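# Descriptive structure summary
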Amino acid sequence: MKFFIDTANLAEIQEAYDLGVLDGVTTNPSLMAKEGITGQANILAHYKAICDIVDDNVSAEVIATDYETMVVEGRALAQIDSKIVVKIPMIKDGVKAIKTLSSEGIRTNCTLIFNAGQAILAAKAGASYISPFLGRLDDISMDGLELIDQIVTIFDNYDFETEILAASIRHNIHLIKCAEMGAHIATCPLKVILGLLKHPLTDKGLEIFLADYAKGNS
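Now for a look at the structure at hand. Residue indices begin from 1 for each chain and proceed along its sequence in written order. For this predicted model, a pLDDT threshold of at least 70 governs which residues receive local features, and a threshold of 80 or more governs which side-chain atom pairs are given and counted, while totals over whole chains, interfaces and linings are taken from all residues. For side-chain calculations, the full set of non-hydrogen atoms in the structure is used, while hydrogens and water are omitted.

To continue, consider the packing of aromatic side chains. Only Phe, Tyr and Trp rings take part, Trp by its six-membered ring, and two of them pair if their centres are within 6.5 Å. Stacked means planes under 30 degrees apart, edge-to-face means over 60, and tilted covers everything else. Tallied over the entire structure, the rule returns 4 aromatic pairs. Considering the side-chain rings of F155 and F160, the 5.0 Å spacing of their centres and the 70° angle between planes classify their relative orientation as edge-to-face. Residue burial is assigned from relative accessible area. The probe radius is 1.4 Å, only protein chains are included, and a residue is buried under 20% of its type maximum, exposed over 50%, and partly exposed in between. Looking at F155, the relative accessible area reads 3%, which means it is buried. Both rings, one in Y158 and one in F160, keep their centres 6.3 Å apart while their planes meet at 45°; by these two values the pair is tilted. Judged by relative accessible area, which is 60%, Y158 ranks as exposed.

We note that S141 has phi near 65°; this positive angle belongs to a residue other than glycine. For S141, a relative accessible area of 72% gives the class exposed. Phi at D159 takes a positive value of approximately 55°, unusual for a residue other than glycine. One can find D159 in the loop between α8 (144–158) and β7 (163–166). Counting from the N terminus, the helices are the DSSP runs of H or I reaching at least four residues and the strands are the DSSP runs of E reaching at least two.

Across the 6 residues that make up strand β5 (residues 108–113), a large majority, 5, are buried. Across 4 bridges, the pairing between strand β4 (residues 84–89) and β5 is parallel. Within β5, the residue paired with P89 across the bridge is T111. With its strands directed away from the observer, a crossover is right-handed exactly when the path from the first strand over the helix to the second travels clockwise. Taken together, β4, helix α5 (residues 92–103) and β5 form a β-α-β motif whose crossover is right-handed. Examined bridge by bridge, β5 and strand β6 (residues 129–132) share 3 bridges and lie parallel to one another. Counted as the bridge partner of C110 is I130 from β6. For the crossover from β5 across helix α6 (residues 116–125) to β6, the handedness is right-handed. At least two bridges found by DSSP between two strands is the condition for calling them paired.

This next bit is on a negative patch on the surface. A cluster of acidic residues, D138, D143, E146 and D149, forms a negative patch on the protein surface. For D149, the location among the structural elements is in helix α8. The exposure class assigned to D149 is partly exposed, which follows from its relative accessible area of 36%. For patch detection, residues must exceed 30% relative accessible area and be free of salt bridges, and they are connected within 9 Å for like charges or within 5 Å for nonpolar side chains (Val, Leu, Ile, Met, Phe, Trp, Tyr). Computed with the Shrake-Rupley method and a 1.4 Å probe, the accessible areas treat only the protein chains shown as cover for residues. Take a side-chain nitrogen of Lys or Arg and a carboxyl oxygen of Asp or Glu: if they are within 4 Å of each other, that pair is a salt bridge. In this tally, Asp and Glu contribute negative charge and Lys and Arg positive charge; neither His nor the terminal groups of the chain are included. For charged residues, the charge sits on one atom: NZ in Lys, CZ in Arg, CG in Asp, CD in Glu.

In total, this model carries 8 salt bridges according to the counting rule given. Put simply, K2 and E163 hold a salt bridge, and the shortest N to O gap is 3.3 Å. In this pair, K2 sits in strand β1 (residues 2–6) while E163 sits in strand β7, placing the two residues 161 residues apart along the sequence. K2 sits in the partly exposed class, given a relative accessible area of 27%. Between D56 and R107 there is a salt bridge, with its nearest N and O atoms 2.9 Å apart. Highlighted residues: D56 in the loop between α3 (40–51) and β3 (58–61) and R107 in the loop between α5 and β5, separated in sequence by 51 residues. For D56, a relative accessible area of 27% puts it in the partly exposed group. The exposure class assigned to R107 is partly exposed, which follows from its relative accessible area of 23%. Each of K48, D52 and D81 takes part in a single network of salt bridges with overlapping partners.

Turning our eyes to something else, we now look at α5. Helices are assigned an expected span. That span is 1.5 Å times one less than the residue count. The terminal C-alpha atoms of α5, which comprises 12 residues, lie 17 Å apart, in line with the 16 Å expected from a rise of 1.5 Å per residue. G94, V95, A97, I98, T100 and L101 are the residues of α5 that are buried. In what follows, residue pairs with any heavy atoms lying within 4.5 Å of each other are defined as contacts. Where α5 is buried, its residues touch α4 (67–78), β4, β5 and α6. Following α5 by one or two positions, G105 has its phi on the positive side, about 85°.

Below is the structure:
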């Protein structure tokens, strides 16, 4: 499974990269705004700064919602760096834009997917990645993990090349379950990745080892 970090914070991206487990980054306008990054020129420069940290797979989102402008924006984003993946919303014009950009060799990530039908459409249009949002489904009392399982089954049935990028991951169990189900990628906050390090028995065991070492060398 690939690990992406869902943030626009350069320090967090660097920390995850230095840990040696980071495969990519996902961002969106909300995450940019959270870091105080506004204005088109600043946003584009920030995408480049992210690309300079990681090895590949930086999802950069279009702002437009009509086909023609999404394609123009997508082409411009792809010119920033070869690591850019153009993030496109799951709407009718978005599917059309994915088809066009994919045919031009531009990688795409179809975002805001909430059911299996949307995932199928994006995959058939040639999306490199599809992003089902499991946490947001949980927020409205639906089972987000069930959707991941369903999409994995469908994609396996038809050998779609599109990778499943599980998004809106809120905690460690989400991530582990997505791995069990066969999602290709999980994108999540840094705290979720770091949370995988933790177990009370690990802490206790290390404490005992160090105490025993101290006794033997006192």
